[in-house]
Amino acid sequence: RIIAVSQALKETMVKLGTPENKISVIPNGVNLERFQPLAPLQARQNLGLSPHCKIVIAVGSLTENKNHTLLIQAFAKLLKNHPEYQLYIIGLGPLREHLIKQVESSGLQRNIFLLGSRPNEELQAWFSAADLSCLISSREGWPNVVMESLACGTPVLATRAGGIPEIIVSNQLGTFVDPTVDSIAAGLESAIERHWDRDAIAQHGRSRDWSRVAAE
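Cut-offs used in this document
- Residues numbered from 1 in each chain as written.
- Predicted model: local features only at pLDDT ≥ 70, side-chain atom pairs only at ≥ 80, totals over all residues.
- Heavy atoms only, no water.
- Phe/Tyr/Trp six-rings, centres within 6.5 Å; stacked < 30°, edge-to-face > 60°.
- Helix = DSSP H or I, 4+ residues; strand = E, 2+ residues; numbered from the N terminus.
- Buried < 20%, exposed > 50% of the residue type's maximum accessible area, 1.4 Å probe, protein only.
- Pairing = 2+ DSSP bridges.
- Salt bridge = Lys/Arg side-chain N within 4 Å of Asp/Glu carboxyl O.
- Axes fitted to C-alpha atoms, helices over the stretch in contact; angles between N-to-C directions.
- Parallel < 35°, antiparallel > 145°, perpendicular 65-115°, else oblique.
- Contact = heavy atoms within 4.5 Å.
- Nonpolar A, V, L, I, M, F, W, Y, C, P; charged D, E, K, R; others polar.

Trainee: What is the right way to look at the packing of aromatic side chains in this model?
Mentor: Within a pair of aromatic rings, the relevant descriptors are the distance that separates the centres and the angle that separates the planes. Enumeration over the complete set of coordinates arrives at three aromatic pairs. Ring centres of tyrosine 88 and phenylalanine 113 lie 4.8 Å apart, and the angle between their planes is 15 degrees; on these two criteria the pair is classed as stacked. In this pair, tyrosine 88 sits in strand β4 (residues 86-90) while phenylalanine 113 sits in strand β5 (residues 112-116), placing the two residues 25 residues apart along the sequence. On the basis of relative accessible area, tyrosine 88 is assigned to the buried category, the value being 8%. Through a chain of ring-to-ring contacts, the aromatic side chains of Tyr88, Phe113 and Trp126 assemble into a single cluster.

Trainee: Help me out: how do you make sense of the pairing of strand β6 (residues 132-135) in this one?
Mentor: The alternating pattern of β6 places Leu132 and Cys134 and Ser133 and Leu135 on opposite faces, both of which are buried. Here three bridges tie strand β3 (residues 55-59) to β6, and the two strands are oriented parallel to one another. From the neighbouring strand, isoleucine 57 faces β6, where its bridge partner is serine 133. As paired elements, β6 and strand β7 (residues 156-158) share three bridges and run parallel to each other.

Trainee: Honestly, the pattern of salt bridges in this entry has me stumped. Any pointers?
Mentor: Side chains that carry opposite charge are capable of pairing whenever their charged atoms lie near each other. Inspection of the entire model under this criterion finds eight salt bridges. Among the salt bridges present, the one from aspartate 182 reaches lysine 77, with a minimum N-O distance of 2.4 Å. In this pair, aspartate 182 is assigned in helix α8 (residues 181-193) and lysine 77 in helix α3 (residues 68-79), connecting sequence segments 105 residues apart. Across the salt bridge formed by glutamate 216 and arginine 208, the nearest N and O atoms sit 2.8 Å from each other.

Trainee: What should I look at first to understand the packing of helix α6 (residues 144-151) against helix α9 (residues 198-205) in this one?
Mentor: The geometry of a pair of packed helices is captured by two quantities: the angle between their axes and the separation between those axes. Contact geometry of α6 with α9 gives a least axis separation of 6 Å together with a crossing angle of 130 degrees. Taken together, the axis directions place α6 and α9 in an arrangement best described as oblique. Between α6 and α9, the contacting residues are Met147, Leu150 and Ala151 on the first element and Ile201, Ala202, His204 and Gly205 on the second. Partitioned by chemical class, the residues of the contact of α6 with α9 number five nonpolar, two polar and no charged.

Structural data, given as structure tokens:
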């Protein structure tokens, strides 16, 4: 048997010549002990963040596939009308220095922060503190960060890459954008200002844990 973590990956396997009847789709789960909602204000206080501004986070390796360059360009466009917004990017990778220079050359050091790697157990606070989580990837399988964000009650702005549409199955959980500056900027503005039912998002995100994955 071959296990695929998403239907999208199964379809890719079939195109590569794998017999369909040998493939089982078993999506990833989420660590429910680690990823659960915290009160946003408490989470911000724990992290030393402002209780008043709108906060967006992006968790992922700093590689071309994750399209952080586009996200920063889109956020810069958004800041023209919303100078109080803040973007925190968590992760390491070969594009780190390039992204730092991009932020500095745009004069956005007070709004966009590259935090490097953070302990996994700290991500619960970051997701809970944020108004929105972003994943603007070109390719994905079944990204754990989307599940972890939802489990903390945080809506997700994402591209339709890989298995992401199999996770964000409703517009009550997040918003899809195309990998272009204009689409990302428009999606950010709409999603940040929207009122989300964070309890319902968390309930959905916490519906699949690793024990269920193990059983399957």
